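# Structure assessment
Each chain, written out:
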Amino acid sequence: MDIQTDHRYAINLNVRGIQPSATLRINELSNQLRAEGRDIVKLGLGQSPFPVPERVVAALREHAHEKDYLPVKGLKSLREAIAGYINRSERMRCSWEDVLIGPGSKELLFMLQLAYYGDLLIPRPSWVSYAPQARIIGRSVHWLPTHAENNWQLTAEELDIICRDDPSRPRILIMNYPSNPTGCTYTDDQLLAIANVARKYKLILLSDEIYGEVHFEGKHKSIARYYPEGTIISTGLSKWAGAGGWRLGTFIFPPELRPLQNAMAIIASETYTATSAPIQHAAIAAFTGGADLNEYLKQSRRVLKVVGEYLHRRLTAMGAVVQKPEGAFYLFPDFSSFREALARRDIKTSQALCQSLLEDTGVAILPASDFGFVPDHLAARLAFVDFDGAEALALAGDEYTDRELGDDFVNQACPRLVKAMDRMEQWLTGL
């Protein structure tokens, strides 16, 4: 039977041709190669290396028996805890009714694009799933140009240029900072300028702040401070609490966007019904905060900062052009200076670069083409997460509690990352 003419295989045209999520694909490939006996340094999937804080784990144990379907928008006590968390951290005045809980912020983003009929504006480079989600739903995607000299960040001027020709067109702008894939973030002045343009064109602004708590200096600020009436804050447990597999995300809406929140809740009611009950009960502990969680975040930030600075220094010394990260656990090195040497080995795309690096050295990273760039843009995303996070936190909070973290700490706590840099340096030198 010809599969092309069999209507059982009439896959939605918006889905046909889309590959599985790049980050999940590289993770599965890395695991497969490890299972085959290869020594793979996993710098592909951006999964927090740190354990879930003990008090949050204890709360999950305590509530493992919870089995009831919860309200579609989420458990009221959790929504209250998240509102309190946002009000404390951002000096805002949101109420529990402004909060929507979902099984991961990824699912909430997908529902937002289903519920709101508008184009998607995405600064390039961006996280790998924003654009594919829009394509699956059938929305138009407009990539906003950014530049390495400006840390690959959106400017108010570039945003205004894309909006001015059709000022009343419905649009969703996604901002993600600290950024996946660059680790860079915005200054107050930059946020204010972008907020003014967003207000001018009445944009829906989805502020993806999933890495906000892992700003290295603990000084993350939401653009919702400057454009409260049009900004949805997106966050969750995956990155700052190490709980990616728990699948809990949240959107915090302004009251002005309550109809949009309600529309998303209708979609939720007809799809996933509600987020896992035990996870929601446990998440209250995370968002309520406390001295133990403050210490967990303090040490997490210290570790990620010293590791990011070490890798930045090593990559720069190799000849890559890379921005110094300010948060999250990513670097976005550009290897264009090796273009001629790579071409002699028939490596002309970022995909081929990452494939060869993995085959030759066992270091897994993701190509720039997965983040919105043309194939021959010779850059890649590196997630510096292949280390024992529990061990690193214990070391930072004990032996190094009163000492500045440096290369000696990285060598002791993160030997696989040091190994990855040594292998990459040797590979690039041998081109």
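Quick note: structure is the one above.
Rules behind the numbers
Residues numbered from 1 in each chain as written. Predicted model: local features only at pLDDT ≥ 70, side-chain atom pairs only at ≥ 80, totals over all residues. Heavy atoms only, no water. Buried < 20%, exposed > 50% of the residue type's maximum accessible area, 1.4 Å probe, protein only. Helix = DSSP H or I, 4+ residues; strand = E, 2+ residues; numbered from the N terminus. Arc of directions from axis to C-beta. Contact = heavy atoms within 4.5 Å. Pairing = 2+ DSSP bridges. Axes fitted to C-alpha atoms, helices over the stretch in contact; angles between N-to-C directions. Phe/Tyr/Trp six-rings, centres within 6.5 Å; stacked < 30°, edge-to-face > 60°. Lys NZ or Arg CZ within 6 Å of the ring centre and 35° of its normal. Right-handed = clockwise from strand over helix to strand, strands pointing away. Parallel < 35°, antiparallel > 145°, perpendicular 65-115°, else oblique. Left-handed = near helix turned anticlockwise from the far one by under 90°. Nonpolar A, V, L, I, M, F, W, Y, C, P; charged D, E, K, R; others polar. Salt bridge = Lys/Arg side-chain N within 4 Å of Asp/Glu carboxyl O. Disulfide = S-S within 2.5 Å.

## Quick look at helix H6 (residues 156-164)
Every buried residue belonging to H6 is among Ala156, Leu159, Asp160 and Cys163, and all of these are buried. The buried residues of H6 occupy an angular sector of 100 degrees when the element is viewed end-on, so they sit on one face. Those residues of H6 hidden inside the fold are in contact with strand E3 (119-123), strand E4 (141-144), strand E5 (171-176) and helix H7 (188-200).

## Examining the sheet that holds strand E2 (residues 99-102)
Read from one edge to the other, the open sheet built from seven strands follows the order E2-E8-E7-E6-E5-E3-E4, with strand pairing classed as mixed. Edge positions in the open sheet fall to E2 and E4, since each of these has one partner strand only. Along the sheet, successive strands turn relative to each other by an average axial angle of 20 degrees, direction set aside. The strands touched by helix H5 (residues 130-137) within the sheet are E3, E4, E5 and strand E6 (204-208), with E3 carrying the most contacts at an inclination of about 165 degrees.

## A few points about the packing of aromatic side chains
Evaluation of the coordinates by the stated rule reveals 15 aromatic pairs. For the ring pair Phe50 and Phe387, a centre distance of 5.9 Å and an interplane angle of 75 degrees mean the geometry is edge-to-face. Taken together, the positions of Phe50 in the loop between strand E1 (41-42) and helix H2 (54-62) and Phe387 in the loop between strand E12 (380-383) and helix H13 (389-397) put the pair 337 residues apart, joining distant regions of the chain. The two residues Phe50 and Phe387 agree in class, both being buried. Ring centres of Trp152 and Phe332 lie 6.2 Å apart, and the angle between their planes is 90 degrees; this geometry places the pair in the edge-to-face category. In this pair, Trp152 is assigned in the loop between E4 and H6 and Phe332 in the loop between strand E9 (330-331) and helix H11 (339-344), connecting sequence segments 180 residues apart. Accessibility expressed as a relative area gives 1% for Phe332, which makes it buried. Aromatic ring contacts, followed pair by pair, group Trp152, Phe332, Phe371 and Phe373 into a single cluster. Positioned above the aromatic ring of Tyr400, the side-chain terminus of Arg403 is 4.1 Å from the ring centre.

## Topic: unusual backbone geometry
Cis rather than trans, the peptide bond between Arg124 and Pro125 has omega equal to 5 degrees. Mapping Pro125 onto the fold places it in the loop between E3 and H5. Put simply, Tyr177 and Pro178 share a cis peptide bond, and its omega is -10 degrees. Mapping Pro178 onto the fold places it in the loop between E5 and H7. Phi angles above zero are rare outside glycine, and Trp152 is one such case at about 60 degrees.

## A look at the sheet that holds E9
Two modes of strand pairing occur in sheets, parallel and antiparallel, and in both the strands are linked by backbone hydrogen bonds. Taken in spatial order, the three strands of this open sheet run E9-E12-E11, and their pairing is antiparallel. On the outer flanks of this sheet lie E9 and strand E11 (366-367), each paired with one strand and no other.

## Describing the pairing of E6
With five of five residues buried, E6 lies mostly within the body of the structure. Residues of E6 alternate between two faces, with Ile204, Leu206 and Asp208 on one and Leu205 and Ser207 on the opposite face, all of them buried. In this sheet, E6 lies alongside E5 in parallel orientation, the contact comprising five bridges. Residue Asn176 lies in a different strand from E6, and its bridge partner there is Asp208. Running through H7, the crossover from E5 to the neighbouring parallel element E6 is right-handed. When E6 meets strand E7 (residues 231-236), the two strands line up parallel, connected through four bridges. Bridged to Leu205 within E7 is Thr231.

## Examining the packing of helix H4 (residues 105-115) against H5
Where H4 contacts H5, the axes come no closer than 10 Å and their chain directions differ by 40 degrees. It follows from the interaxial angle that H4 and H5 lie oblique. Here H4 runs over H5; the crossing is right-handed. Counted together, Lys106, Leu109, Phe110, Gln113 and Leu114 of H4 and Tyr130, Gln133, Ala134, Ile136 and Ile137 of H5 form the full contact between these two elements. Taken together, the residues that form the contact of H4 with H5 break down as seven nonpolar, two polar and one charged.

## As for the pattern of salt bridges
Close approach of charged atoms allows side chains of opposite charge to pair. In this structure the tally under the stated criterion is 27 salt bridges. One salt bridge in this structure joins Asp407 and Arg313, with 2.4 Å as the shortest N-O distance. Of this pair, Asp407 sits in helix H14 (residues 407-413) while Arg313 is found in helix H10 (residues 291-318), placing the two residues 94 residues apart along the sequence. Since its relative accessible area comes to 36%, Asp407 is described here as partly exposed. Taking the shortest distance from any N to any O, the salt bridge between Arg416 and Asp386 comes out at 3.3 Å. On the criterion of sequence distance, the pair formed by Arg416 in helix H15 (residues 415-429) and Asp386 in the loop between E12 and H13 is long-range, its members being 30 residues apart. Using a relative accessible area of 21% as the deciding quantity, one classes Arg416 as partly exposed. Because the salt bridges share partners, they merge into one network encompassing Arg34, Asp39, Asp386, Arg416, Lys419 and Arg423.

## What about the state of the cysteines?
If you walk through the whole model with that rule in mind, you get zero disulfides. In this model Cys184 remains outside any disulfide bridge; the closest cysteine sulfur is found in Cys354, 18 Å from its own.

## Concerning the environment of Leu121
Checked against the element boundaries, Leu121 lands in strand E3. Considering only alpha carbons, one finds Leu121 and Met175, 54 residues apart in sequence, at a separation of 9.0 Å. When neighbours within four sequence positions are excluded, Leu121 is seen to be in contact with His142, Leu144, Leu159, Ile162, Cys163, Arg171, Ile172, Leu173, Ile174 and Leu203.

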